[in-house]
Amino acid sequence: MTEYEFEVGVIGAGPAGLAAAYAARALGKNVVILEDYLWGGTCPNYGCDPKKILLAAVEGIHRQSALQNLGLRGLSTIDWSALMAHKQRYVDAVEPRKIRGLDAADITRFYGRAAFMNADTVTVG
């Protein structure tokens, strides 16, 4: 088993974990971040951000409908296949973008489930 020593360890690479890791690194600390699921967390991968992409299209159609014959003519339609492909391109770029940022900030990262051995030791499996 390889052993490493860090001043700050962050478990979870969602928005809060990433913010904590970057803040600790900005203070000059030697930082590691551990993730066992999605780099970036739920929000950019399948929560808030992808939802907003899909919702924007539906809201656009709704606004167009409300303004028909009030200065707006014609209705757009949603090409769901194209919209879902656009959303997926956004999602697919999340992990590489988060990893590039961590690497650029010189924050060590490991993928795997963290488990505490004691108050000062964590294993990643």
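(A) Geometry of the sheet that holds strand β1 (residues 8-11). Judged by pairing direction, the sheet is parallel, and its three strands sit side by side in the order β1-β2-β3 without closing on themselves. This sheet does not close on itself; its edge strands, each paired only once, are β1 and β3 (108-111). Taken over all neighbouring pairs, the strand axes of this sheet differ in orientation by 20° on average, direction set aside. Sheet analysis places strand β2 (residues 31-35) next to β3, joined by four bridges and oriented parallel. Of the residues in β3, the one forming a bridge with I33 is R109. Contacting β1 and β2, helix α1 (residues 15-26) crosses the sheet at an angle of about 170° to β2.

(B) Spatial organisation of the side chain of N45. For N45, the location among the structural elements is in helix α2 (residues 42-46). The class of N45 is buried, set by a relative accessible area of 11%. Separated by 3.1 Å, the side chain of N45 and the backbone oxygen of W39 make a polar contact.

Basis of the calculations
- Residues numbered from 1 in each chain as written.
- Predicted model: local features only at pLDDT ≥ 70, side-chain atom pairs only at ≥ 80, totals over all residues.
- Heavy atoms only, no water.
- Pairing = 2+ DSSP bridges.
- Helix = DSSP H or I, 4+ residues; strand = E, 2+ residues; numbered from the N terminus.
- Axes fitted to C-alpha atoms, helices over the stretch in contact; angles between N-to-C directions.
- Contact = heavy atoms within 4.5 Å.
- Buried < 20%, exposed > 50% of the residue type's maximum accessible area, 1.4 Å probe, protein only.
- Polar contact = N/O pair within 3.5 Å; in protein donor to acceptor, adjacent residues only side chain to side chain.

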